[in-house]
Amino acid sequence: MEFKTFVFYFLAAIMVLAALRVITVRNPVHAALFLVLTFFNAGGLWLLLQAEFLAVTLVMVYVGAVMVLFLFVVMMLDINLDRLREGFWSYLPVGALVGILMLIEMILVLGGPYFGLEAMPAPPAAGETYSNTRELGRVLYTDYVYPFELASLVLLVAMVAAVALTLRKRKGLKAIDPSKQVAVKREGRVELVKMQPEKQD
């Protein structure tokens, strides 16, 4: 067995175990930490596939930003764990169906040659001047530029909708109107007053 194959199986085994612990552990903070471990191992697998940009992006965006924010939210909110576990078994049939479908798809993709299906041709060997990041950018901004822009528009609408849904006006809260702040001129902020000097006795 080659060393690269051993590293692949090692990272894949840790990632599968960590992903299982994400959905089986009782404490949500521990589940978030196991999810961080899952992301790290997925980044290692992408490094083995020579997708360095995707691996670094996964670690920086998901582990460095999203999961830290998720941990802050979980630790700051008072989550009732007993209430979350009430309807756990009612979702088991749907979850089992989705899991079985994913397992069948993985078997078809990975075990295609064993079932008489034609395997996908291997990609050409990359030269010394090949850059995975440059190739990804070229494909995104040439072949898939319209889906990329559409996805960014959908994310922008989702962000605006999330802000609009969570915006609440509370009574007794002093708020500042940004439009009034921008419209203010210098004469409205500073007033010069001339006063006669006073002599103290």
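Residues numbered from 1 in each chain as written. Predicted model: local features only at pLDDT ≥ 70, side-chain atom pairs only at ≥ 80, totals over all residues. Heavy atoms only, no water.

A few points about the pattern of salt bridges
Where we set the bar: Whenever Lys or Arg places a side-chain nitrogen within 4 Å of a carboxyl oxygen from Asp or Glu, that contact is recorded as a salt bridge. Secondary structure is summarised from DSSP: a helix means a run of H or I of at least four residues, a strand means a run of E of at least two, and numbering begins at the N terminus for each. Between buried and exposed lies partly exposed: a residue is buried under 20% and exposed over 50% of the maximum accessible area for its type, with that area taken using a 1.4 Å probe on protein chains only.
All chains considered together, the criterion is met by one salt bridge. For R138, the salt bridge identified is with E135, shortest N-O distance 2.7 Å. Placement of the pair is R138 and E135 together in helix α6 (residues 132-142), with a separation of three residues, close to one helical turn. Owing to a relative accessible area of 42%, R138 belongs among the partly exposed residues under this scheme. Classification of E135 as partly exposed rests on a relative accessible area of 28%.

Observations regarding the packing of helix α3 (residues 52-76) against α6
We apply this condition: Working convention: axes come from line fits to C-alpha atoms, limited for helices to the stretch in contact. Angles between N-to-C directions cover 0 to 180 degrees. Orientation categories follow fixed angle ranges, with anything under 35 degrees roughly parallel, anything over 145 roughly antiparallel, 65 to 115 roughly perpendicular, and all other angles oblique. We call two residues in contact when some of their heavy atoms are within 4.5 Å. Charged means Asp, Glu, Lys or Arg here, nonpolar means Ala, Val, Leu, Ile, Met, Phe, Trp, Tyr, Cys or Pro, and polar covers whatever is left, Gly included.
Two numbers describe how α3 lies on α6: the axes approach to 7 Å, and their chain directions differ by 85 degrees. Put simply, α3 runs roughly perpendicular to α6. For the pair α3 and α6, the contacting residues are E52, F53 and L54 in the first and N132, T133 and L136 in the second. Split by residue class, the contact of α3 with α6 holds three nonpolar, two polar and one charged.

Some thoughts on the UniProt feature "transmembrane region" (unreviewed entry) in the chain
Filter applied, for reference: UniProt positions are given in the numbering used here, feature names are shortened, and annotations may be inferred rather than shown by experiment.
UniProt tags residues 6-24, 31-49, 55-77, 89-115 and 144-167 as "transmembrane region" (unreviewed entry). The span residues 31-49 shows a helical share of 95% and a strand share of 0%, and its end C-alpha atoms are spaced 27 Å apart. Taken end to end, residues 55-77 has its terminal C-alpha atoms 31 Å apart, with 96% of it in helix and 0% in strand.

So, the nonpolar core
The condition is simple: Only buried residues count toward a nonpolar core. Its members are Ala, Val, Leu, Ile, Met, Phe, Trp, Tyr and Cys residues joined through side-chain atoms within 4.5 Å.
A32, V36, F39, A42, L58, V63, M67 and L71 together form the largest nonpolar core, which totals eight residues. Sorting the residues of this core by element identifies α2 (28-48) and α3 as the ones contributing at least two each. Look past the residues within four positions of A42 in its chain and what remains in contact with it is M15 and L58.

A closer look at the side chain of N41
Assignment of secondary structure puts N41 in helix α2. N41 sits in the buried class, given a relative accessible area of 6%. With residues up to four places along the chain from it excluded, the contact list for N41 reads L11, I14 and M15.

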